[in-house]
Amino acid sequence: MASRLNPYIQFKSEARPAMEFYQGVFGGEVAKNTFKEFGASHGPEDDELLMHAQLETPSGFTLMASDTPQGMPYNPGDNISISLSGDGDELRGYYEKLSADGGKVTVPLEKQMWGDEFGMVTDKFGINWMVNIAADS
């Protein structure tokens, strides 16, 4: 799997209609998973919210999104990250470099409930990064 870089947008509770809208704009297919499907709800209000959605378009665009579960802050303006996904060593190196020299780890890079390694870091310039390393790496 080649590495990819794409935007990841955080919504309060509108990820599903937003992704359907973007699908109408760009075409393609949307894959969706709810918090309930992953056993990650913070309460019944989260069950049908999207933990992860991914739009793949015919033009090669990838757009990812999720809803903000209850108990987690939602700050419009801070609700977009850059997502890096792909295979292991290359992405581990990016994660280490992004977190160095004033960067801040917000989620340690470790195996997650969906089977992949995942971590989040805010770099020294305040940019949020998400790194997802495929399980078969």
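One can find the structure itself at the top, above this paragraph.
Counting from 1, residues in each chain are numbered in the order their sequence is written. In keeping with the predicted nature of the model, local features appear solely for residues at pLDDT of at least 70, side-chain atom pairs appear and are counted solely at 80 or more, and the whole-chain, interface and lining totals rest on all residues. Derived side-chain values reflect all non-hydrogen atoms in the structure, with water molecules and hydrogen atoms excluded from consideration.

What follows covers the overall build of the protein chain. Helix and strand definitions follow DSSP, with helices as H or I runs of at least four residues and strands as E runs of at least two, each counted in order from the N terminus. If you tally the helices and strands in the protein chain, you get two helices and eight strands. The secondary structure elements of the protein chain, listed N-terminal to C-terminal, are β-α-β-β-β-β-α-β-β-β. Taking 2.2 N^0.38 as the reference for a compact globule, 137 residues should give roughly 14 Å; the C-alpha atoms of the protein chain span a radius of gyration of 15 Å, in line with that estimate. Overall, the C-alpha framework of the protein chain stretches about 40 × 35 × 30 Å when taken along its three principal axes. When accessible area is computed with a 1.4 Å probe and restricted to protein chains, residues below 20% of their type maximum are described as buried, those above 50% as exposed, and intermediate ones as partly exposed. For the protein chain, the residues scored as buried account for 38% of the 137 residues in total. Taking the intrachain contacts of the protein chain between residues at least 6 apart in sequence as the baseline, contacts between residues at least 24 apart amount to 55%. Two things to know: the radius of gyration comes from C-alpha atoms, and the globule rule equals 2.2 Å times the number of residues to the power 0.38. Contact criterion: two residues are considered in contact whenever any of their non-hydrogen atoms come within 4.5 Å of each other.

Here, a strand pair is defined by DSSP locating no fewer than two bridges between the strands. Spatial ordering of the open sheet is given by β2-β3-β4-β1-β5-β8-β7-β6, a layout of eight strands whose pairing is mixed. Every interior strand has two partners, whereas the edge strands, β2 (29-34) and β6 (104-111), have only one. For this sheet, the mean angle separating the axes of adjacent strands, direction not counted, is 20 degrees. Here six bridges tie strand β7 (residues 117-122) to strand β8 (residues 128-133), and the two strands are oriented antiparallel to one another. Within β8, the position partnered with Phe 118 by the bridge is Asn 132. Packed on one face of the sheet, helix α1 (residues 15-26) meets β1 (4-11), β2, β3 (50-56) and β4 (62-67) and runs near 0 degrees to β3. Axis angles are defined between N-to-C directions and span 0 to 180 degrees, where every axis is a line fitted to C-alpha atoms and, for a helix, only to the segment in contact.

What follows concerns the nonpolar core. Formed by Ile 9, Phe 11, Ala 15, Ala 18, Met 19, Val 30, Leu 50, Ala 53, Leu 55, Leu 63 and Ala 65, the largest nonpolar core amounts to eleven residues. Elements represented by at least two residues in this core include exactly β1, α1, β3 and β4. Once you skip the residues sitting within four places of it in the chain, Ala 65 turns out to touch Tyr 8, Ile 9, Phe 11, Met 19, His 52 and Ala 53. Buried residues of nine kinds, namely Ala, Val, Leu, Ile, Met, Phe, Trp, Tyr and Cys, make up a nonpolar core once their side-chain atoms join them within 4.5 Å. Within the second largest apolar cluster, eight residues are counted, among which are Leu 98, Val 121, Val 131 and Ile 133.

To continue, consider the pattern of salt bridges. For this document, the term salt bridge refers to a Lys or Arg side-chain nitrogen within 4 Å of an Asp or Glu carboxyl oxygen. Scanning the model with the defined rule gives four salt bridges in all. Residue Arg 92 is joined to Asp 89 by a salt bridge in which the shortest nitrogen-to-oxygen separation is 3.4 Å. Placement of the pair is Arg 92 and Asp 89 together in helix α2 (residues 88-99), with a separation of three residues, close to one helical turn. With relative accessibility at 24%, the residue Arg 92 sits in the partly exposed group. A salt bridge links Arg 92 to Glu 117; its shortest N-O distance comes to 2.4 Å. Of the two residues, Arg 92 is situated in helix α2 and Glu 117 in strand β7; the sequence distance between them amounts to 25 residues. Residue classification places Glu 117 among the partly exposed positions, given a relative accessible area of 22%. Among the ionic contacts, a cluster of salt bridges with common partners joins Asp 89, Arg 92 and Glu 117.

The way to describe two aromatic rings as a pair is by their centre distance and the angle between their planes. Stacked, edge-to-face and tilted are the three classes for Phe, Tyr and Trp ring pairs, Trp counted by its six-membered ring, which pair at centre distances within 6.5 Å; planes under 30 degrees apart are stacked, over 60 edge-to-face, the rest tilted. According to the stated counting rule, one finds four aromatic pairs in the structure shown. Their ring planes at 65 degrees and their centres at 5.5 Å tell us that Phe 21 and Tyr 22 sit as a pair that is edge-to-face. Residue Phe 21 is classed as exposed on the basis of its relative accessible area of 54%. Summarising the aromatic geometry, the rings of Phe 26 and Phe 61 are spaced 5.8 Å apart at their centres and angled 90 degrees between planes, so their arrangement reads as edge-to-face. Note that Phe 26 is positioned in helix α1 and Phe 61 in the loop between β3 and β4, a separation of 35 residues in sequence. Through successive ring pairs, a cluster of aromatic residues spans Phe 38, Trp 114 and Phe 118.

No statement about biological role is implied by the geometric values presented.
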